[in-house]
Amino acid sequence: MSAVIEENHHDDHHHGPAKGIMRWVYTTNHKDIGTLYLWLSFAMFLLGGAFALVIRAELFQPGLQIVEPEFFNQLITLHGLIMVFGAVMPAFVGLANWLVPMMIGAPDMALPRMNNYSFWILPFAFAMLSSTLFMEGGAPNFGWTFYAPLSTDFGPPSTTYFIFAVHLMGISSIMGSINIIVTILNLRAPGMTLMQMPLFVWTWLITAYLLIAVMPVLAGVVTMMLMDIHFGTAFFNAGGGGDPVLFQHIFWFFGHPEVYIMILPAFGVVSAIIPTFARKRLFGYSSMVYATASIAFLSFIVWAHHMFTVNMPLAGMLYFMYATMLIAIPTGVKVFNWVATMWQGSMTFETPMLFAIAFVVLFTIGGLSGLMLAIAPADFQYHDTYFVVAHFHYVLVPGSVFSIMAAVYYWLPKWTGNMYDETLGKTHFWLSFVGINILFFPQHFVGLAGMPRRIPDYALQFADYNMVSTVGAFLFGFSQIFFLFIVIKTIRGGKKATSRVWEGAHGLEWTIPSPAPYHTFTTPPKDLTEAHG
Amino acid sequence: MSEATNEAYETYYVPSDSKLPIMASIGIFLTVFGIGNVLNDMTAGAEHSIGGWILMVGGLLMGTTMFIWFSTVIKENHAKMYSQQMNRSFVWGMGWFIFSEVMFFAAFFGALFYVRVFGIDWIAGLGNRGPADVVYFENFVPAWPLLNTPNPELFPGADKPMGWFGLPLVNTILLVSSSVTLTIAHHGIKEGNRKKLITWLGITVALAVAFLVCQVLEYQEAYSHLGLTLNAGIYGTTFFLLTGFHGAHVTLGTFMLAVMLGRAIKGHFSDDDCFGFEAAAWYWHFVDVVWIILFFVVYVFGS
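Note that the structure is a prediction, hence the values are computed from the model and not measured.

Side note on the overall build of chain A
- On a plain count of helices and strands, chain A comes out with 17 helices and zero strands.
- For a compact globule of 533 residues, the expected C-alpha radius of gyration is about 24 Å, and chain A comes in at 23 Å, within 12% of that figure.
- Its C-alpha atoms put chain A at 65 × 60 × 45 Å along the principal axes.
- Going through the 533 residues of chain A one by one, you find that 59% of them count as buried.
- Residue pairs at least 24 apart in sequence account for 82% of intrachain contacts in chain A once pairs closer than 6 positions are excluded.

Some words on the overall build of chain B
- Across its full length, chain B carries eight helices and zero strands.
- When the helices and strands of chain B are read in sequence order from the N terminus, they spell out α-α-α-α-α-α-α-α.
- Out of the 303 residues in chain B, the part that is buried amounts to 40%.
- Once local pairs closer than 6 in sequence are excluded, the contacts in chain B between residues at least 24 apart make up 72%.

With respect to the interface of chain B and chain A
- Contacts between chain B and chain A engage 75 residues on the former and 72 residues on the latter.
- Among the secondary structure elements, those contributing two or more residues to the side of chain B that touches chain A are helix H1 (3–10), helix H2 (20–44), helix H3 (51–78), helix H4 (84–123) and helix H7 (234–266) of chain B.
- Ranked by the residues each element gives to the side of chain B that touches chain A, the list is headed by H4 of chain B, at 22 residues.
- Considered class by class, the residues forming the side of chain B that touches chain A number 44 nonpolar, 23 polar and eight charged.

What to know about helix H12 (residues 328–342) of chain A
All names here are of chain A.
- Compared with an ideal rise of 1.5 Å per residue, which puts 15 residues at 21 Å, H12 spans 21 Å between its outermost C-alpha atoms and is within 8% of the ideal.
- The elements touched by buried residues of H12 are helix H9 (264–278), helix H10 (285–299) and helix H13 (351–374).
- Phi turns positive one or two residues past the end of H12, at Gln344, with a value near 60 degrees.

Considerations on the confidence of the model for chain A
- Here chain A averages 94 in pLDDT, and 97% of its residues register 70 or above.
- Low pLDDT (under 50) marks residues 1–13 of chain A, which in the prediction has 18 contacts with non-local residues, meaning those over four places away or in another chain.

What to know about the environment of Asn237 of chain A
Residue and element names in this part refer to chain A.
- Looking at where Asn237 falls in the secondary structure, it is placed in the loop between helix H7 (199–231) and helix H8 (244–261).
- For Asn237, a count of 25 C-beta atoms within 10 Å puts it in the buried group.
- Taking the C-alpha atoms as reference points, Asn237 and Pro149, 88 residues apart in sequence, are found 7.5 Å from one another.
- Setting aside residues no more than four positions away along its own chain, Asn237 makes contact with Pro149, Asp228 and Gly242.

What about the domain arrangement of chain B?
Residue and element names in this part refer to chain B.
- Each assigned domain of chain B is listed here: domain 1 (1–82) and domain 2 (83–300).
- Taking the mean C-alpha position of each, domain 1 and domain 2 sit 25 Å from one another.
- Taken together, the contact between domain 1 and domain 2 spans six residues of the former and five residues of the latter.
- Residue composition of the side of domain 1 that touches domain 2, by class: five nonpolar, one polar and no charged.

Brief notes about the confidence of the model for chain B
Residue and element names in this part refer to chain B.
- Per-residue confidence for chain B averages 92 on the pLDDT scale, and 95% of its residues sit at or above 70.
- Long-range and interchain partners of residues 1–6, a stretch whose pLDDT sits below 50, account for six contacts in this model, where long-range means more than four residues apart.
- What the predictor reports for the complex is a pTM of 0.95 with an ipTM of 0.95.

Structural notes on unusual backbone geometry
- Note that the residue after Ala148 of chain A, namely Pro149 of chain A, is joined by a cis bond; omega there is 5 degrees.
- Looking at the element boundaries, Pro149 of chain A is found in the loop between helix H5 (112–131) and helix H6 (159–186).
- The omega torsion across Ser514 of chain A and Pro515 of chain A is -5 degrees, close enough to zero to call that bond cis.
- Relative to the helices and strands, Pro515 of chain A is located in the segment after helix H17 (463–492).
- Not every positive phi belongs to a glycine, and Lys80 of chain B is a case in point at roughly 60 degrees.
- A tally of 10 C-beta atoms within 10 Å means that Lys80 of chain B is categorised as exposed.

Focus on the packing of H7 of chain A against H4 of chain B
- The contact between H7 of chain A and H4 of chain B brings their axes to 8 Å, and the two run at 45 degrees. When the axis of H7 of chain A is compared with that of H4 of chain B, the two are oblique. For the pair H7 of chain A and H4 of chain B, the sense of crossing is right-handed. Residues Ile212, Ala213, Pro216, Val217, Ala219, Gly220, Val221 and Met224 of chain A of H7 of chain A touch H4 of chain B, and the partners they reach there are Trp96, Phe99, Ser100, Glu101, Met103, Phe104, Ala106, Ala107, Phe108 and Ala111 of chain B.

Details of the nonpolar core
- Judged by nonpolar contacts, the single largest core of 261 residues is most densely connected at Val221, Phe359 and Ala406 of chain A.
- Three or more residues apiece are contributed to this core by two domains, here domain 1 (1–82) and domain 2 (83–300) of chain B.
- Those residues in contact with Val221 of chain A that lie beyond four places of it in its chain are Phe247, Ile250, Phe251 and Phe254 of chain A together with Ala107 of chain B.

A few points about H17 of chain A
- End to end, H17 of chain A covers 44 Å across 30 residues, agreeing with the expected 44 Å (1.5 Å per residue, within 8%).
- The first or second residue beyond H17 of chain A is Gly494 of chain A, which carries a positive phi of 135 degrees.

Regarding the environment of Pro90 of chain A
- Note that Pro90 of chain A resides in helix H4 (residues 69–104).
- Take Pro90 of chain A: there are 29 C-beta atoms within 10 Å of it, and that puts it in the buried class.

Observations concerning the environment of Val32 of chain B
- Relative to the helices and strands, Val32 of chain B is located in helix H2.
- Residue Val32 of chain B is classed as buried on the basis of its 24 C-beta neighbours within 10 Å.
- Separated by 53 residues in the primary sequence, Val32 of chain B and Gln85 of chain B have C-alpha atoms spaced 35 Å apart.
- Not counting residues within four places of it along the chain, the set of residues in contact with Val32 of chain B comprises Phe164, His167 and Leu168 of chain A.

Here is what the cut-offs are and how they apply
- Residues numbered from 1 in each chain as written.
- Chains lettered and ligands numbered in written order.
- Predicted model: local features only at pLDDT ≥ 70, side-chain atom pairs only at ≥ 80, totals over all residues.
- Helix = DSSP H or I, 4+ residues; strand = E, 2+ residues; numbered from the N terminus.
- Rg over C-alpha atoms; globule rule 2.2 N^0.38 Å.
- Buried ≥ 20, exposed ≤ 12 C-beta atoms within 10 Å, placed from the backbone.
- Contact = placed C-beta atoms within 7 Å.
- Nonpolar A, V, L, I, M, F, W, Y, C, P; charged D, E, K, R; others polar.
- Expected span 1.5 Å × (residues − 1).
- pLDDT = per-residue confidence, 0-100.
- Domains from an automatic or database assignment.
- Axes fitted to C-alpha atoms, helices over the stretch in contact; angles between N-to-C directions.
- Parallel < 35°, antiparallel > 145°, perpendicular 65-115°, else oblique.
- Left-handed = near helix turned anticlockwise from the far one by under 90°.
- Core = buried A, V, L, I, M, F, W, Y, C linked by C-beta atoms within 7 Å.

Rendered as structure tokens:
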């Protein structure tokens, strides 16, 4: 063993990447691991997207065309789980891996081996989750929220593997978050105060805190399911004195912070991109920090707005309604600040900026429909309709996913050393932007008119809008193959990027060459004037 | 910024490529896949399951990898490859890990709170409920501990609750004492008194093992004399899951302390380099605090 340590000691900091495929398996480098996360995320995005396209194809016309209802249920379950846990979350963790050390002047993540462990658990977890499709009894069929007793008394045998897949994802998230928090708190370049950190770092610090707080609760609730299924306990069975509603309370205590876990890093990305292309400092930096913290705090005390229709005391409904509406205030602060940053800026509209502006507009639409859903009496009408589907897809797709794409275009020149093709990038943006709105906007209308979610068939009056929606889905879906092409093309070559890349960019990551060397800031930077944009 | 103040930042150790994480990933995957196999075969009533073998291979791989991983960290530390800053990373990391454990227990305590304060009343149609007023179990009388369940055919209910006097009280005394003896052992390190460290840490491990033995006896008592089982409705459910997960954490904590005892005997730890010991001690105190809450909530005010 000591020989290995000696070896480690000598080539510490001096080695480049190892050769061959094993580089990616054994790596402890934050950039390699960030790349792995991003590719896993993209693969899962295509897989979850393929499920979504089958769903939309089935819904193209009323009646049952393509899949059996039982399989349809499995598809919506896996689509949700894979997009949430496989596409959006790993993408943000990948961005954090790539960017946080470079933004705070750290040599790597604080615990590099654990970083590799956090990543490599995930492919196994998703392989196990996806393999449930081929198991006897089929894949989990109860929706990504896996409400008991659908998931306990009535779930297929593969539910057990689903539970353990969730455990693995949770372990990965908790270790990843501990790593990010420790990196931010302990590895900032000397002299960098918390209030000098780029907003992306701030949002990830708070997101990581949320993850450590709620992923164990998710682990707890799936463990209770496991016990109910296999050991005859009565957590979610009223016959034994338990309560199925208890499941929903615990699940949403995790689930609501979870939706902010998927949006706070997006806020950080947008807060980096808009100042660059408006060529102004971010308006209201400290209010952005406090707004992020407020949203995180509020996320813990609003969970039952997901369950207004399960029958809770009136006082409870009123409380959860008003508390939920409070979230609009810090969120409004953020939107105001982004707009104020653009105000009188000398703006240009490169691809990342287009995605960022689309984020601000479309995320706000999703936020406003969220406010409508927060009104308890109105929610009795909207609950479990396509209006809810439209709402959370507006915050997650043109919200989180657009911000991830914006981030990829924005930092890809720094990662690869090559500029992407601006014309292709803009084409990808407009295809996505048009596709996503055709896809999800009509779902508001069918939802308000009463079309329930999670059904393979629907009443005839919803046919037109569903057809439009499906056309949009295929346009958006296939545009992402184009995105893959653009990214691969950029990796293989293109106009060389300068170290600054963007004229208006600020931050330590722009002070190092493009592509970023394998090891950066092995000694911390002394000059922090560039530190915050 | 002078060179001296920067020194801690100049030497952050980034380990080179490592085979350990991928081994641990395969290990943990095989472990949970094996457990899943065993459980599904058990519930389906299969005669034998290959899951046990998968679990064994996974567990061995996981255990071996963790052993090598921790040994590597200890050896790197002894080789003075870690700066003060690096050590702070471990300290923060352990702190946040314990926070995640707190939240895990919070889910189970939260479930108990919900059931006792709202759930059982609502099932019986009592209390301040929402507008939908359906009563599914007409003859059900809510009480805690819940011995008569709404559906006794499926969930027979316990005959008697587990009182706090007797084994649970003994266990409380054992665990609280063990926290005290552990602190004395810590003082041993700080004073450079290895004999004191080994003696008191040994006593702590003995108290921990005694706790686990008592818990096994308590479970036997519950199953054979009180009719208190996992299947006894929500009282048995919360009783066994809360005490059971606590017991699992005590087992892990005992293992950690035993490793620290072994390391102490080998001559590890000095007053300025003993975070391995301190991390295990933090964990132990955390487990102790959970027990004290448990003792009051589950036993004293729960039976």
